[in-house]
There are 2 protein chains.
Amino acid sequence: MSVESKCVDTIRVLSAEAVEKAKSGHPGMCMSAAPMGYELFADIMRYSHKNPKWDNRDRFILSAGHGSMLLYSLLHMFGYNLPMEEIKNFRQLGSRTPGHPEYGTTDGVETSTGPLGQGLANGVGFAIAEAHLAATFNRPGYPIVDHYTYVLCGDGCLEEGLSYEACSLAGTLKLGKLILVYDNNDITIEGDIHTTFDENIAGRFLAQGWQVLRVPDGNNLGAFRQAVERAKEDTTRPSIIICKTVIGYGSPLAGSADCHGAPIGEKNLQKLKDNLGWTYPPFTVPTEVVEHCKKIADEKCAFEDEWNKLFASYRENFPELANLYERYMGRNYSPDLKKLCNEMEFTKSEATRVAGGNIINRLAEIYPNLMSGSADLSPSTKTGIVGGGNFTAENRLGRNIQFGIREHAMSAICNGIQLHGGLKILCSTFFSFVDYMKGGIRMSGLMNIPVVYVMTHDSIGVGEDGPTHQPMEQLINLRSIPNVKVFRPADGKETLAAYISAFSESYPTVIVESRQNLPQYATSGIEAMKGGYVLQDSKGKPDVMLIASGSEVELCTEAKKTLEGKGIKTRVVSLCCMELFERQPENYRESVLPSSVKARVCVEAGSYYSWQPYCKDYGEMICMKSFGVSAPAKVAFEHFGFTAENVVESALKAIKNAKKNK
Amino acid sequence: MSVESKCVDTIRVLSAEAVEKAKSGHPGMCMSAAPMGYELFADIMRYSHKNPKWDNRDRFILSAGHGSMLLYSLLHMFGYNLPMEEIKNFRQLGSRTPGHPEYGTTDGVETSTGPLGQGLANGVGFAIAEAHLAATFNRPGYPIVDHYTYVLCGDGCLEEGLSYEACSLAGTLKLGKLILVYDNNDITIEGDIHTTFDENIAGRFLAQGWQVLRVPDGNNLGAFRQAVERAKEDTTRPSIIICKTVIGYGSPLAGSADCHGAPIGEKNLQKLKDNLGWTYPPFTVPTEVVEHCKKIADEKCAFEDEWNKLFASYRENFPELANLYERYMGRNYSPDLKKLCNEMEFTKSEATRVAGGNIINRLAEIYPNLMSGSADLSPSTKTGIVGGGNFTAENRLGRNIQFGIREHAMSAICNGIQLHGGLKILCSTFFSFVDYMKGGIRMSGLMNIPVVYVMTHDSIGVGEDGPTHQPMEQLINLRSIPNVKVFRPADGKETLAAYISAFSESYPTVIVESRQNLPQYATSGIEAMKGGYVLQDSKGKPDVMLIASGSEVELCTEAKKTLEGKGIKTRVVSLCCMELFERQPENYRESVLPSSVKARVCVEAGSYYSWQPYCKDYGEMICMKSFGVSAPAKVAFEHFGFTAENVVESALKAIKNAKKNK
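Residues numbered from 1 in each chain as written. Chains lettered and ligands numbered in written order. Predicted model: local features only at pLDDT ≥ 70, side-chain atom pairs only at ≥ 80, totals over all residues. Heavy atoms only, no water.

Colleague: Please explain the pattern of salt bridges as it appears in this structure.
Modeller: In this structure the tally under the stated criterion is 73 salt bridges over all chains. Residue Lys 653 of chain B pairs with Glu 620 of chain B through a salt bridge whose shortest N-O separation is 3.8 Å. Remark: Glu 620 of chain B occurs in strand β20 (residues 620-624) and Lys 653 of chain B occurs in helix α26 (residues 644-660); sequence separation between them is 33 residues. For Glu 620 of chain B, a relative accessible area of 15% gives the class buried. Linked through salt bridges whose partners overlap, the residues forming this network are Asp 55, Arg 315, Glu 326 and Arg 331 of chain A. (Salt bridge = Lys/Arg side-chain N within 4 Å of Asp/Glu carboxyl O. Helix = DSSP H or I, 4+ residues; strand = E, 2+ residues; numbered from the N terminus. Buried < 20%, exposed > 50% of the residue type's maximum accessible area, 1.4 Å probe, protein only.)

See the structure below:
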C-alpha cells in the first residue's frame with residue numbers, strides 16, 4: 001500500500017474513531033471525500049501551517065460542514081495547531097473541534113459552516129475578493145494576490161437555492177479561480193438522492209457558465225489531481241469537479257444513509273479497520289503518515305517565504321502600492337471617523353437612505369478598500385459608490401457589486417468577502433427582503449464579523465407596495481440575533497453615527513433606513529453611537545418619556561410640543577440601537593431612562609416585541625401588531641395610529657396609569 | 001386592428017393609467033406581458049367568473065406580483081367582480097386592488113405574491129395537489145380533477161434561489177401540468193440583466209428535467225397559443241415557455257428600467273396612447289373589447305356546468321368516492337379531534353418529536369387528505385406517514401413528500417398545496433433551518449392559511465452539532481409574525497393539544513418539538529390549547545410563579561419540589577403558545593398569571609426577547625442571550641444555567657425583589 005493510500009485511510013479511520021468516541025457526528029462523507037481532502041492538502045494547495053493566516057494562502061472551505069472530522073484530520077496531519085487531544089475531544093465543550101467547523105476557534109478553518117450552501121457562497125465571496133485585490137495590487141512579475149479558493153461540498157449544498165444563486169453569480173462574473181469539489185456520493189438522510197434531486201448537475205453548471213470536470217472514481221488521486229490542473233488552466237470560468245464517491249467508503253455501511261449522520265458503531269468500525277488492513281491502536285496516525293505529511297507541510301511553508309521575498313521586492317519597486325496593500329489589510333490604518341461629524345452637514349429634510357448614500361460615498365474615499373453591493377436595488381437603497389464602477393468579468397477594479405436578485409447569496413458572499421481579508425463590504429436591499437437572507441446574517445453574527453447591511457424602506461412607510469413589502473417583525477428578528485447590532489436612525493446625524501459605529505467595530509451591523517423624508521434634529525449627534533440618548537429633554541424631571549426609533553421620533557418631538565403646552569414635562573429619547581444601549585454602564589442607561597419615571601410611551605412602526613423592556617409594566621406602546629396595508633404611506637401611518645395626536649393621548653394615559661400604580 | 005390586439009392594448013393602457021393615478025406601481029411588465037395574459041384568459045384557461053372558486057378551474061398565478069395591474073385588468077375585463085371603481089382605487093387603503101395581489105382580497109387571486117419566487121413555488125404546490133387529487137379521484141371517463149397550473153414570472157423570480165429549488169423538485173416529480181410562462185424582458189431595476197444574470201435559461205430548465213419552449217416574439221398571440229398546446233402535450237415534464245418581450249412595450253420608455261417600478265409620467269402615457277392609436281378617455285375599456293371579453297367569459301362558465309354534470313354522474317357511479325371528495329374539499333366534515341385526548345396515551349418519557357410522530361399518524365387516519373413532507377429529515381423529525389408511501393413521479397397516491405434539502409421551497413410549496421384546496425399539509429425540518437424558510441412562513445401568516453410546520457431539535461438540546469444547528473432567536477422570530485401561532489409543548493399531551501389546535505383552526509401553526517426525552521405530566525392536557533395554563537399549583541396564593549415552555553417546564557417542576565420544601569408556595573405555568581394565551585379573556589389570563597404575584601421566573605432555552613411581557617419588571621429570566629455551544633445536550637444546558645438549581649436560586653431572588661419593591 002502506498003503511503004498516500006495510507007494517509008487517506010488515516011483520515012477515514014481517525015474520523016470514524018472520533019465520531020464513535022463522541023457518540024455523535026457524521027462519518028459518512030469524511031470517508032467518501034478523504035482522497036480529495038488529502039490530495040488538496042498534500043499536492044495542490046499552498047499554505048503555511050506556521051502562519052495559517054498568511055495573506056496569499058489558497059483557501060479551503062468545507063461547505064459540507066457536517067464532515068468536520070475530515071477537516072480536523074487534515075489539519076492535524078498537516079501540521080496545524082490541532083493536537084490529538086483535540087481530536088479526542090471532538091464535539092465537547094470548549095474543544096477546538098466543535099461539531100461543525102467554527103471560524104475563530106480552530107486554525108485553518110476559514111469560515112463557519114454547517115447550514116448547507118453557506119460555505120459555497122462564502123467561497124464565491126473569497127474569489128471576488130481575490131479577483132478585486134489582484135486587479136488592484138498585482139503588477140507584471142508581482143502576483144502579490146494570487147491564490148485559488150477550493151470549496152468541498154456534497155449533494156446537500158447543491159440542493160439549497162443558495163448554491164444556485166451563488167454559482168449563477170460566480171459564472172456571470174467568470175470567477176476562474178474558484179474550484180468546487182463535489183463529493184457526489186448520491187446519499188442523503190432520506191436515502192437515494194435521485195428520488196428528490198434528479199438534476200443533471202453537469203448541465204446545470206454549464207448553463208451557469210462553469211467548466212465541468214469529472215472524476216469517475218473519487219479514490220483515484222491522480223485523476224483528481226489532473227482535474228484540478230484543468231480547472232486551473234481555464235481562467236475564465238469557475239470549475240466544478242464532479243467526483244463520484246461512496247459514502248462511508250470502507251465500512252460495512254458504505255453506500256447507505258445509515259453512515260451519514262451517526263457513529264457507525266464499534267463493530268462496523270472494527271470491520272472498517274479490517275477492510276483497510278488497519279492494525280493500529282485507536283487514535284493513531286501511523287509513523288510513516290506522520291512523517292510523510294510533516295515533510296509536505298514543512299516544505300509548503302516555503303511558499304510563504306517566497307511570497308515574503310516577493311513582497312519585499314514589491315515594496316521597493318512600488319512603495320505606495322505596498323503601503324496601500326498594508327492599509328487594505330487593516331495594518332497601520334485606523335482613521336478617525338468621528339471627524340466626519342464636523343465635516344458632514346445634514347440640513348434639509350431627507351430620507352435616511354439618502355443621508356446613508358452620502359455617508360457611504362464619503363466613507364468610500366476614506367476606505368479605498370470598501371466595496372458596496374446590492375440585490376438589484378442600489379438606485380433605491382442609494383448605496384452605490386459613485387464613480388466606483390461595477391465589479392464585472394471585464395472590470396475587476398469595480399467597487400460596486402451587482403448581486404442580482406439574490407438576497408441570500410448576497411449575505412453569504414459578503415461574509416466570504418469579509419472573511420477573505422483586505423476589504424470592507426456593505427450590501428443593501430429593501431428591509432422586507434431581509435427574510436430571504438436571514439441565514440447569511442445569522443452566520444455574520446455567529447462569526448461576529450463586521451459585514452454592514454443597509455436595509456432601506458424600513459416600515460409601513462413603504463406605502464403602496466403593501467404588506468409583502470412592508471417590514472413589521474423584521475426589526476425584532478434581527479435584534480434577537482446575538483452579536484448583530486441594529487441601528488434605526490432618526491435623521492442624518494444619527495445615520496452618520498450608525499455608519500461610524502459600523503465601520504469602527506468588529507461586529508456585524510444592520511442599518512435600517514427610511515424611504516420617506518425625515519426632519520433633522522438640532523440636538524441629535526454622535527451620542528447616537530451609545531445606542532440611546534436624550535434627544536429633547538424637559539426642564540426638570542420629566543413627567544413622561546417618549547421613546548422611539550427612526551421615523552417615529554418625529555411623532556414624539558411633535559407630541560412633546562403639545563404636551564409641554566399642557567404643562568407636562570416631556571423627555572424624548574431616541575433609542576436608535578437597543579443592543580448598544582444595553583452595553584452602556586448602568587448609570588448611563590439610568591440617566592437616559594430613569595426607572596423612577598414610570599410614565600413612558602414607546603413608538604416604533606415595527607413589532608411590539610422589541611419594546612417591553614423599555615415600556616415597562618406601566619408604559620404604553622404604539623407599535624405594529626399586524627401586517628401592514630397597501631396605501632399611501634401617510635394613510636398607512638394614520639391607519640395604525642402612528643400620529644402625534646395618538647402619542648399625546650397615550651402619554652396622558654401612561655401618566656394616569658403611573659399615578660394610579662404608584 | 002383586430003379585437004384581440006385591442007384587448008391587449010386595453011391591458012397596457014389601463015395598467016399604465018392606474019399606476020399613473022396611484023402615482024405608484026410597476027407598469028413595465030404589465031405592458032410586456034399583456035399578450036400572454038390576454039391569451040391565457042381568452043383562449044387557454046378554463047374558469048368560471050361566476051364561481052371563481054370552482055374546484056376544477058385552471059389556476060393562474062402572477063408570480064411577478066409587482067405586475068398586479070396586469071392581473072386586475074384581466075379580472076376586470078373577463079367578468080370577475082372587480083369594477084372600474086376598484087381599478088381607479090389601485091393601491092388605496094381598503095381597495096380590492098392592493099399594490100401586490102392579496103389572497104382573500106380579490107376574486108381570482110389564487111395566492112398573494114410580491115416577494116419574488118414565492119408564486120412560482122406556490123404553483124409547484126398547486127401542481128402537486130392536482131396530481132395527488134387526480135390520482136385519488138379520477139376514474140376512466142371521469143376526470144374529476146383535471147386542470148393546469150399557469151405561472152407567469154419575470155427575470156426576478158428566476159434569479160431567486162427559491163425558484164431553482166422549486167423547479168428542481170417539479171422536474172424530479174415530472175409535474176407535467178405545470179406551465180411556466182416566462183416574461184423574458186431582460187430588464188431589472190439596476191438595468192440590463194446580463195451583467196448580473198448571464199445564465200442559459202433553456203439549459204438550466206433542461207438540466208432540471210423541464211420541457212423548454214420558445215416564443216421569439218411575445219406579441220405573437222398564435223405562437224404563444226401553440227406553445228401552450230405543446231406544453232400540454234408533454235404530460236411527463238413541466239414546461240417553461242420563454243417569451244421574448246419588451247418591457248414597457250408601446251411607451252417611449254420601452255426597453256428601459258425606467259418603466260419597471262414607477263409611473264411612466266403623463267407625457268409618456270399620452271405618447272403610449274398615440275403609439276397605440278388609443279383615443280378613449282381615461283379608464284375606458286372600449287365597447288368592442290367589453291363585448292368580446294364578456295362573450296368569452298360567459299362561454300367559459302359552461303366548463304363549470306359540464307363539470308357539475310360530470311360530477312353528478314360520478315356521484316351516481318362512485319358514491320363513496322364522491323363523498324370522499326366532498327370530505328377532502330372540507331365540505332360536511334369536521335371530526336371531533338378532542339376525543340383523541342381520551343384515546344391516545346403518553347406514559348413513558350419521550351421526546352415531543354416522537355409524540356408528534358404518533359399523533360401525525362393518528363391524524364393521517366382521520367384525515368385521508370393529509371400529506372406530510374420533510375426537507376430530507378423525516379427519519380429525525382418523525383413526521384412520516386407510515387405506510388403512506390412517497391409522492392413520486394410514479395406514485396401520485398403517495399402521501400409523504402420528499403422535498404429534498406430545500407427548506408424555502410418546502411414552505412412556499414406547502415402554501416400552494418394548502419391554497420389549492422382539497423388537502424391538508426404539514427412539513428418538517430430542524431428548527432434552526434427555519435431561517436431558510438422564513439420567506440414562506442411569512443406568506444402563510446400574511447394569507448392566514450393553516451399550513452402546519454413541525455420544527456424539531458428545538459434548542460441547545462440539539463447538543464453536539466453546535467451553534468449552527470441550535471436554534472436561539474428562532475422562537476421570537478416566528479412568534480413575531482402576525483397570525484402565526486407557535487406551540488412549544490412540554491410533553492405528549494401538550495403536543496396533542498398543539499396538533500388539535502393546528503388541525504382545527506384556520507391559521508398557520510408552528511409546532512416546535514424536542515430532540516431529547518421529556519417527562520409526562522399528570523396534570524397536563526387539552527387546557528394547553530388555551531396557550532397557557534397552571535400545570536402545577538400551590539396550596540393557596542403562590543409566593544412565586546415559574547413560567548416556562550417545552551423542555552424547560554421540567555426544570556420548573558423540579559424546582560417547585562425544592563421550593564415547596566422550603567415552604568415557598570410555587571405555581572408552575574406552562575406557556576406553550578403565547579399567541580393563543582394572549583387571545584384568552586382577561587379574567588382567564590389573570591387567573592393563570594395574577595398580576596398581584598410579582599415574583600416570577602421565566603425559563604426558556606431561547607431568546608429572552610419573548611419573555612419580558614410575562615416576566616414583568618420584577619421577575620427573573622433564564623433565557624438565551626448568546627449562541628449555543630457544541631457539547632452534549634446536558635452539558636450545554638448546564639453551561640447556560642438551565643438547571644433546577646438555578647431556577648430555585650432565581651425564584652428566591654425574584655421573591656426578594658418583589659418584596660423590596662412592594
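Now that the structure has been shown, we can carry on.
Colleague: Help me understand the pairing of strand β11 (residues 424-430) of chain B in this model?
Modeller: Side-chain positions along a regular strand alternate between the two faces of the sheet. All names here are of chain B. Burial runs high along β11: six of the seven residues are buried. As defined by bridge partners, strand β9 (residues 370-374) adjoins β11 across five bridges and the pair is classed as parallel. Looking at the pairing, Leu 370 lines up with Lys 424 of β11. Sheet analysis places β11 next to strand β12 (residues 452-456), joined by five bridges and oriented parallel. Bridge pairing links Thr 429 to Met 455 in β12. In this fold, the crossover linking β11 to β12 by way of helix α18 (residues 438-447) has right-handed handedness. (Pairing = 2+ DSSP bridges. Right-handed = clockwise from strand over helix to strand, strands pointing away.)

Colleague: Looking at this structure, I do not really get the packing of helix α12 (residues 287-317) of chain A against helix α13 (residues 319-328) of chain A. What am I missing?
Modeller: Helix-helix packing: each pair is described by the crossing angle between the helix axes and the interaxial distance. All names here are of chain A. Packing of α12 against α13 leaves a shortest axis separation of 5 Å and a crossing angle of 125°. The orientation of α12 with respect to α13, classified from their angle, is oblique. Residues Trp 307, Phe 311, Tyr 314, Arg 315, Glu 316 and Asn 317 of α12 form the contact with α13, whose own contacting residues are Pro 319, Leu 321, Ala 322, Asn 323, Tyr 325 and Glu 326. Its residues placed into classes, the contact of α12 with α13 shows seven nonpolar, two polar and three charged. (Axes fitted to C-alpha atoms, helices over the stretch in contact; angles between N-to-C directions. Parallel < 35°, antiparallel > 145°, perpendicular 65-115°, else oblique. Contact = heavy atoms within 4.5 Å. Nonpolar A, V, L, I, M, F, W, Y, C, P; charged D, E, K, R; others polar.)

Colleague: Would you take a moment to explain empty space enclosed by the protein for this structure?
Modeller: Space left empty within the atom packing is revealed by a probe, the size of a water molecule, rolled over the atoms. According to the stated counting rule, one finds 13 cavities of 30 Å³ or more in the structure shown. In this structure, the largest cavity occupies an estimated 110 Å³ of space. Lining the largest cavity are Gly 161, Leu 162, Glu 165, His 408 and Tyr 436 of chain A together with Glu 160, Gly 161, Leu 162, Glu 165, His 408 and Tyr 436 of chain B. Counting only elements with at least two residues in the lining of the largest cavity, the list comes to α8 (161-172) of chain A together with α8 (161-172) of chain B. (1 Å grid on protein atoms, 1.4 Å probe; cavity = no way out; pocket = protein on both sides within 12 Å on 5 of 7 lines; lining within 4 Å. Points joined across faces, edges and corners; volume = space filled by probe spheres on them.)

Colleague: Quick question: what am I supposed to make of the relation of the copies chain A and chain B here?
Modeller: The operation relating the pair of chain copies consists of a rotation about an axis and a translation along that axis. Placing chain A over chain B gives an RMSD of 0.0 Å and needs a rotation angle of 180°, together with 0.0 Å of translation along the axis. The superposition of one copy onto the other is thereby described by a two-fold rotation axis. Across chain A, the rotation axis passes nearest the C-alpha of Gly 161 of chain A, at a separation of 1.9 Å. A high fraction, 100%, of the interface residues of chain A reappear at the interface in chain B, so the copies pair face to face through one surface. (Least-squares fit on C-alpha atoms with pLDDT ≥ 70 in both.)

Colleague: What is the right way to read the sheet that holds β11 of chain B from this model?
Modeller: Strand pairing in a sheet is mediated by backbone hydrogen bonds. Such pairs are either parallel or antiparallel. Residues and elements named next belong to chain B. Here six strands make up an open sheet; going across it, the order is β10-β9-β11-β12-β14-β13 and the pairing parallel. Of all the strands in the sheet, just β10 (400-402) and β13 (485-487) have a single pairing partner and so form its edges. When the angles between neighbouring strand axes are averaged without regard to direction, this sheet yields 20°. Pairing of β9 with β10 involves three bridges; the strand directions are parallel. Bridging from a neighbouring strand, Ser 374 pairs with Gln 402 of β10.

Colleague: I would appreciate a short explanation of the side chain of Glu 17 of chain A in the present structure.
Modeller: Residue and element names in this part refer to chain A. Tracing the backbone shows Glu 17 in helix α1 (residues 3-22). A relative accessible area of 4% means that Glu 17 is categorised as buried. Once you skip the residues sitting within four places of it in the chain, Glu 17 turns out to touch Leu 269, Lys 273, Pro 281, Pro 282, Phe 283 and Thr 284.

Colleague: Explain the packing of helix α6 (residues 118-137) of chain B against helix α13 (residues 319-328) of chain B to me, please; I cannot follow it from the model alone.
Modeller: Residues and elements named next belong to chain B. Put simply, α6 and α13 touch, their axes get as near as 10 Å, and they point 155° apart. Taken together, the axes of α6 and α13 lie roughly antiparallel to each other. Packed against α6, whose contacting residues are Leu 133, Thr 136 and Phe 137, the element α13 presents Leu 321, Leu 324, Tyr 325 and Tyr 328 at the interface. Of the residues assigned to the contact of α6 with α13, the class counts are six nonpolar, one polar and no charged.

Colleague: I keep staring at the sheet that holds strand β17 (residues 544-548) of chain A and nothing clicks. Help me out?
Modeller: Residues and elements named next belong to chain A. Strands sit in the order β16-β18-β17-β19-β20 across an open sheet of five strands; the sheet is mixed. Looking at strand neighbours, the two that pair on one side only are β16 (533-536) and β20 (620-624), the edges of this open sheet. The average undirected angle you get between the axes of adjacent strands in this sheet is 25°. In terms of strand pairing, β17 meets strand β19 (residues 600-607) through four bridges, oriented parallel. Its bridge partner lying in β19, Leu 546 is registered against Val 601. This element, helix α26 (residues 644-660), spans β17, β19 and β20 of the sheet and lies at about 145° to β20.

Colleague: Help me out: how do you make sense of the pairing of strand β9 (residues 370-374) of chain A in this one?
Modeller: Of all five residues that make up β9 of chain A, five are buried, and the element is covered over most of its length. The alternating pattern of β9 of chain A places Leu 370, Ser 372 and Ser 374 of chain A and Met 371 and Gly 373 of chain A on opposite faces, both of which are buried.

Colleague: Honestly, helix α3 (residues 34-44) of chain A in this entry has me stumped. Any pointers?
Modeller: For the α-helix, the turn length of 3.6 residues means that residues three or four positions removed from each other point alike. With 10 of 11 residues buried, α3 of chain A is to be regarded as a mostly interior element. Buried within α3 of chain A are the following residues: Ala 34, Pro 35, Met 36, Gly 37, Tyr 38, Glu 39, Leu 40, Phe 41, Ala 42 and Ile 44 of chain A.

Colleague: Quick question: what am I supposed to make of the interface of chain A and chain B here?
Modeller: Quite often, the size of an interface is put as the accessible area lost when its parts meet. Contact with chain A, which involves 95 residues of that partner, is made by 95 residues of chain B. The contact between chain A and chain B buries some 8,000 Å² in all, and 55% of this surface belongs to carbon and sulfur atoms. Across the contact surface, chain A and chain B share 12 salt bridges. Between Glu 159 of chain B and Arg 406 of chain A there is a salt bridge; the shortest N-O distance is 3.7 Å. Seen at the junction of chain A and chain B, the total is 41 residue pairs in polar contact (both at pLDDT 80 or more). For the side of chain A that touches chain B, the element with the most residues is α8 of chain A, which contributes seven residues. Residues belonging to the side of chain A that touches chain B are distributed by class as follows: 32 nonpolar, 39 polar and 24 charged. (Buried area = accessible area lost by both parts, 1.4 Å probe. Polar contact = N/O pair within 3.5 Å; in protein donor to acceptor, adjacent residues only side chain to side chain.)

Take it as geometry only, folks, not as evidence of what the structure does.
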